[in-house]
Amino acid sequence: MTLKLLAVSAALIGMAVTGAVIPGLCDEAARATPVVTADAAPIQVAAASQQSAPDFAGINTWFNSKPLSLTELRGKVVLVDFWTYGCVNCVNTLPHVTELYAKYRDKGLVVVGVHTPEFPFERSASNVQAALKRHGITYPVAQDNDSRTWSAYRNQYWPAQYIIDQSGKIVFQHAGEGSYDEIDRTVAKLLNASS
């Protein structure tokens, strides 16, 4: 092993151990632009403001649910959460996503985790199933091994959340960790608007 290869390997191991990220992989870049409404705090909106959400594409395996489509979820607020179990930033967001689901599922929120693998070992359905159990995930999860749903959303980051309103429009987008209060407020506002 050359000295250069040894140094790169040590750096990658150090990043993995400390939870650091490689820019462009599991990072918090590409935050959406805030939009201020007259009666509310800023809400982050997807790059193409109020665009229709793409449906789930190329999904062969669903966990915790029958296959879902956004057409059948019309009338509900939907949080689409792109993640992969091998990404430390994704794992850090899971308690917040599961808490949001527990808090609002009986009020009309549907959470759909879209597990899009970054590495070959993350393509295994049994590994994904074990991760769901390990993290207490009971909401629907689509296994997006061919990245077709990822591509339909033009997503670039793990983790990333998209909130879709009752009419099927993306009204909020966030990449990376954080913004948990904003996500909660956005979901609460959408659910109150429909009741």
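These numbers come from a predicted model, not from an experiment.

Cut-offs applied
- Residues numbered from 1 in each chain as written.
- Predicted model: local features only at pLDDT ≥ 70, side-chain atom pairs only at ≥ 80, totals over all residues.
- Heavy atoms only, no water.
- Helix = DSSP H or I, 4+ residues; strand = E, 2+ residues; numbered from the N terminus.
- Buried < 20%, exposed > 50% of the residue type's maximum accessible area, 1.4 Å probe, protein only.
- Contact = heavy atoms within 4.5 Å.
- Areas by Shrake-Rupley, 256 points an atom, 1.4 Å probe, with all protein chains shown as cover.
- Salt bridge = Lys/Arg side-chain N within 4 Å of Asp/Glu carboxyl O.
- Expected span 1.5 Å × (residues − 1).
- Bend = angle between axes of the 7 residues up to and from the residue.
- Pairing = 2+ DSSP bridges.
- pLDDT = per-residue confidence, 0-100.
- Polar contact = N/O pair within 3.5 Å; in protein donor to acceptor, adjacent residues only side chain to side chain.
- Axes fitted to C-alpha atoms, helices over the stretch in contact; angles between N-to-C directions.

## What about the overall build of the chain?
Working step 1: Along the chain, the regular secondary structure elements total 5 helices and 8 strands.
Working step 2: Taken from the N to the C terminus, the helices and strands of the chain come in the order α-β-β-β-β-α-β-α-β-α-β-β-α.
Working step 3: A buried classification covers 46% of the 195 residues belonging to the chain.
Working step 4: The long-range fraction of contacts in the chain, counting pairs at least 24 apart against all pairs at least 6 apart in sequence, stands at 73%.
Working step 5: With an accessible surface of roughly 9,800 Å², the chain has 57% of that area assigned to carbon and sulfur atoms.

## Remarks on the pattern of salt bridges
Working step 1: What the rule picks out here adds up to 3 salt bridges.
Working step 2: The salt bridge partner of Lys 66 is Glu 72, with a shortest N-O separation of 2.6 Å.
Working step 3: For the salt bridge of Asp 146 with Arg 123, the shortest nitrogen-to-oxygen distance reads 3.7 Å. With a gap of 23 residues between them, Asp 146 in the loop between β6 (141-143) and α4 (148-152) and Arg 123 in the loop between β5 (109-115) and α3 (125-135) connect regions that are remote in the sequence.
Working step 4: Under the relative-accessibility criterion, Arg 123 is labelled partly exposed at 37%.

## Focus on helix α2 (residues 88-104)
Working step 1: A rise of 1.5 Å per residue sets the reference length of α2, with its 17 residues, at 24 Å; its end C-alpha atoms lie 25 Å apart and thus fit the reference within 8%.
Working step 2: Taking the largest bend as the criterion, α2 deviates by roughly 30 degrees, centred on Leu 94, and proline Pro 95 comes between one and four positions later.
Working step 3: Listed as buried for α2 are Asn 89, Cys 90, Thr 93, Leu 94, Val 97, Thr 98, Leu 100, Tyr 101 and Tyr 104.

## Thoughts on the pairing of strand β7 (residues 160-164)
Working step 1: When you tally the buried positions in β7, you get 5 out of 5 residues, the bulk of the element.
Working step 2: Here β7 shows a buried face lined by Ala 160, Tyr 162 and Ile 164 and a second buried face lined by Gln 161 and Ile 163.
Working step 3: Bridge count between strand β4 (residues 77-83) and β7: 5 bridges; the pairing is antiparallel. When the sheet's bridge partners are listed, Asp 81 is paired in β7 with Gln 161.
Working step 4: Here β7 runs beside strand β8 (residues 170-175); their pairing, made up of 5 bridges, is antiparallel. Bridged to Gln 161 within β8 is His 174.

## Let's talk about the confidence of the model for the chain
Working step 1: Put simply, the chain has an average pLDDT of 83, and 73% of its residues get 70 or more.
Working step 2: Per-residue pLDDT stays below 50 along residues 14-48; that stretch engages in 65 contacts with residues further than four places along the chain or on separate chains.

## Things to note about the side chain of Asn 155
Working step 1: Checked against the element boundaries, Asn 155 lands in the loop between α4 and β7.
Working step 2: A distance of 2.9 Å separates the side chain of Asn 155 from the side chain of Tyr 162, its partner in a polar contact.
Working step 3: Sequence-distant contacts of Asn 155, defined by excluding residues within four places in its chain, comprise Phe 82, Trp 150, Ala 160 and Tyr 162.

## Remarks on the sheet that holds strand β3 (residues 61-63)
Backbone-to-backbone hydrogen bonds join strands into a sheet, with any given pair of strands oriented parallel or antiparallel.
Working step 1: Strands sit in the order β3-β6-β5-β4-β7-β8 across an open sheet of 6 strands; the sheet is mixed. Each edge of the open sheet is held by one strand with a lone partner, namely β3 and β8. On average, adjacent strands in this sheet sit at an angle of 20 degrees to one another, irrespective of strand direction.
Working step 2: Its contacts with the sheet place α2 against β4, β5 and β7, and it is angled at close to 165 degrees to β4.

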